[in-house]
Amino acid sequence: MTMLTKIGNSQGIRIPKPLIAGANLENKELELEIVENGLLIKPISTKRDNWKENITQILSKNKKRKDEAILDDMLDDSDLEDFVW
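Residues numbered from 1 in each chain as written. Predicted model: local features only at pLDDT ≥ 70, side-chain atom pairs only at ≥ 80, totals over all residues. Heavy atoms only, no water.

## Focus on the overall build of the chain
Phase 1: On a plain count of helices and strands, the chain comes out with three helices and four strands.
Phase 2: Along the chain, helices (α) and strands (β) appear in the sequence β-β-α-β-β-α-α when read from the amino end.
Phase 3: Relative to its length of 85 residues, the chain is extended, with a C-alpha radius of gyration of 26 Å against a globular reference of 12 Å.
Phase 4: Intrachain contacts of the chain at a sequence separation of at least 6 include 5% that bridge at least 24 residues.
Phase 5: A total of about 9000 Å² of accessible surface is found on the chain, and carbon and sulfur atoms cover 55% of it.
Phase 6: Across the chain, the 13 positively charged side chains and the 16 negatively charged ones have centroids separated by 16 Å. (Helix = DSSP H or I, 4+ residues; strand = E, 2+ residues; numbered from the N terminus. Rg over C-alpha atoms; globule rule 2.2 N^0.38 Å. Contact = heavy atoms within 4.5 Å. Areas by Shrake-Rupley, 256 points an atom, 1.4 Å probe, with all protein chains shown as cover. Lys, Arg positive; Asp, Glu negative; His and termini not counted. Charge placed at Lys NZ, Arg CZ, Asp CG, Glu CD.)

## A short note on the pairing of strand β3 (residues 30-35)
Phase 1: Taken together, the six bridges between β3 and strand β4 (residues 38-43) define a ladder with antiparallel strand orientation. What sits directly across from Glu31, in β4, is Lys42.
Phase 2: Connecting the antiparallel pair β3 and β4 is a turn made up of two residues. (Pairing = 2+ DSSP bridges.)

## Some points on unusual backbone geometry
Phase 1: The phi dihedral of Asn24 falls on the positive side, at around 55°, and the residue is not glycine.
Phase 2: In this structure, Asn27 is a non-glycine residue whose phi angle is positive, near 55°.
Phase 3: Tracing the backbone through its elements, the reader meets Asn27 in the loop between α1 (17-22) and β3.
Phase 4: Asn27 gets classed as exposed once you look at its relative accessible area, which sits at 76%. (Buried < 20%, exposed > 50% of the residue type's maximum accessible area, 1.4 Å probe, protein only.)

## Thoughts on a negative patch on the surface
Phase 1: Taken together, the side chains of Asp73, Asp76, Asp77, Asp79, Glu81 and Asp82 define an acidic patch exposed on the protein surface.
Phase 2: Tracing the backbone through its elements, the reader meets Asp77 in the segment after α3 (71-75). (Patch = residues over 30% accessible without salt bridge, like charges linked within 9 Å, V, L, I, M, F, W, Y side chains within 5 Å. Salt bridge = Lys/Arg side-chain N within 4 Å of Asp/Glu carboxyl O.)

## Some remarks on a nonpolar patch on the surface
Phase 1: Residues Leu4, Ile13, Ile15 and Leu19 make up a contiguous nonpolar surface patch of roughly 360 Å² in combined accessible area.
Phase 2: Take Ile13: it is sitting in the loop between β2 (10-12) and α1.
Phase 3: On the basis of relative accessibility, which here comes to 42%, the residue Ile13 falls in the partly exposed class.

## Quick word on the environment of Met74
Phase 1: Locating Met74 in the fold gives a position in helix α3.
Phase 2: Distance in space between the C-alpha atoms of Met74 and Pro43 is 41 Å, their sequence separation being 31 residues.

## Overview of the environment of Lys42
Phase 1: Topologically, Lys42 is positioned in strand β4.
Phase 2: Judged by its relative accessible area of 31%, Lys42 is partly exposed.
Phase 3: For the pair Lys42 and Leu30, spaced 12 residues apart in sequence, the C-alpha separation works out to 5.6 Å.
Phase 4: When neighbours within four sequence positions are excluded, Lys42 is seen to be in contact with Leu25, Glu29, Leu30, Glu31 and Glu33.
Phase 5: In this structure the side chain of Lys42 is engaged in a polar contact, spanning 3.4 Å, whose partner is the side chain of Glu33. (Polar contact = N/O pair within 3.5 Å; in protein donor to acceptor, adjacent residues only side chain to side chain.)

Listed below in structure tokens is the structure:
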């Protein structure tokens, strides 16, 4: 339990370190949202959070799969043989 504390012209709360660590809030930008029963504090996640780990995991999971995307078709320039430059 905690109380609001005056900080300049605003008010704030002190959050115990174990709660910060458990909620993954340390060194993060925080988003505040008013909810029905109070205030929700959550870290702002960026799209690049854990991107390296995610890419490594996806690549290793699909290592033996053949790429069926259109890239091979786009790189195939055999249809340009009749093209006059």
